[in-house]
Amino acid sequence: MATPISLNPLVRDAQALAHTLLASDPRRLEHVRGAGLIAGMAAGALGIEQPERVVAAAWLHDIGYAPDLCRTGFHPLDGALFLAREGWPESVVLMVAHHSHAAVLAPYYGVQQHMSLLERHPGDGDDIITFSDLRAGANGMGADPRERIDDMRQRHADRTFVPDDVREARYRMMLNAAARVNAAVNRATRAGPTPTHQRAHAS
Ligand SMILES: [Fe+2]
């Protein structure tokens, strides 16, 4: 019988790190816990390679909000830079840097040069993390992606340094990513277990 993804050593390390860095922010900790669980289910259904890296990145995607990690003030980059310094696998670093189409916002936070050095990791991991970020909701509970985007629209309304059309374009990219994963998971679930040489892809 396969070992549950939650017991994988990399995932265990990611859980422990998230608990340490987000201890003072229990709501966000619940959010990343939910994202980790959802990423595990999606990665398992899709039969992707190295699912533990995607699940670890889902647990770690918001650690850049931890005050101790703040370098640039752009949380995807601050989290990724910390993970790179700590020697985490490059794919985890890149998935954290690019989670939920963060690169779209980079120019408005003055970090485009930094972000351009971090290429997107190929594969379905980015989409799965975006899906998990939206489905986990702000407090880790199951959320409807469209309602979650509406909530983000309200919470981020004061970030007027990001033009409305850029913000809306990113939201559309996030919803499209979530829809791709949702459709792929539904197909895979209907089809049953997939042989390793015919694995489903989210995009
Ligand atoms: Fe998040």
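Residues numbered from 1 in each chain as written. Predicted model: local features only at pLDDT ≥ 70, side-chain atom pairs only at ≥ 80, totals over all residues.

Draft legend 1. Structural context of the overall build of the protein chain. Helices and strands together make up the secondary structure of the protein chain, namely 9 helices and 0 strands. Counting helices and strands in the order they occur from the N terminus, the protein chain gives α-α-α-α-α-α-α-α-α. Against the compact-globule benchmark of 17 Å for 203 residues, the protein chain has a radius of gyration of 16 Å, which places it among compact chains. Projecting the C-alpha coordinates of the protein chain onto the three principal axes gives extents of approximately 50 × 35 × 30 Å. Across the 203 residues of the protein chain, 44% fall into the buried class. In the protein chain, once contacts between residues fewer than 6 apart in sequence are set aside, the share between residues at least 24 apart is 67%. (Helix = DSSP H or I, 4+ residues; strand = E, 2+ residues; numbered from the N terminus. Rg over C-alpha atoms; globule rule 2.2 N^0.38 Å. Buried ≥ 20, exposed ≤ 12 C-beta atoms within 10 Å, placed from the backbone. Contact = placed C-beta atoms within 7 Å.)

Draft legend 2. Region of interest: helix α5 (residues 90-97). Extensive coverage of α5 is indicated by the burial of 6 of its 8 residues. Among all positions in α5, only Val-92, Val-93, Leu-94, Met-95, Val-96 and Ala-97 are buried. Here the buried face of α5 lies against α3 (51-60), α4 (75-85), α6 (112-116) and α7 (125-136).

Draft legend 3. Fine view of unusual backbone geometry. If you check the backbone angles, Gln-50 has positive phi at about 50° while not being a glycine. Structurally, Gln-50 is set in the loop between α2 (26-46) and α3. For His-101, which is not glycine, the phi dihedral falls at a positive 55°. One can find His-101 in the loop between α5 and α6.

Worth remembering: the numbers are spatial, not functional.
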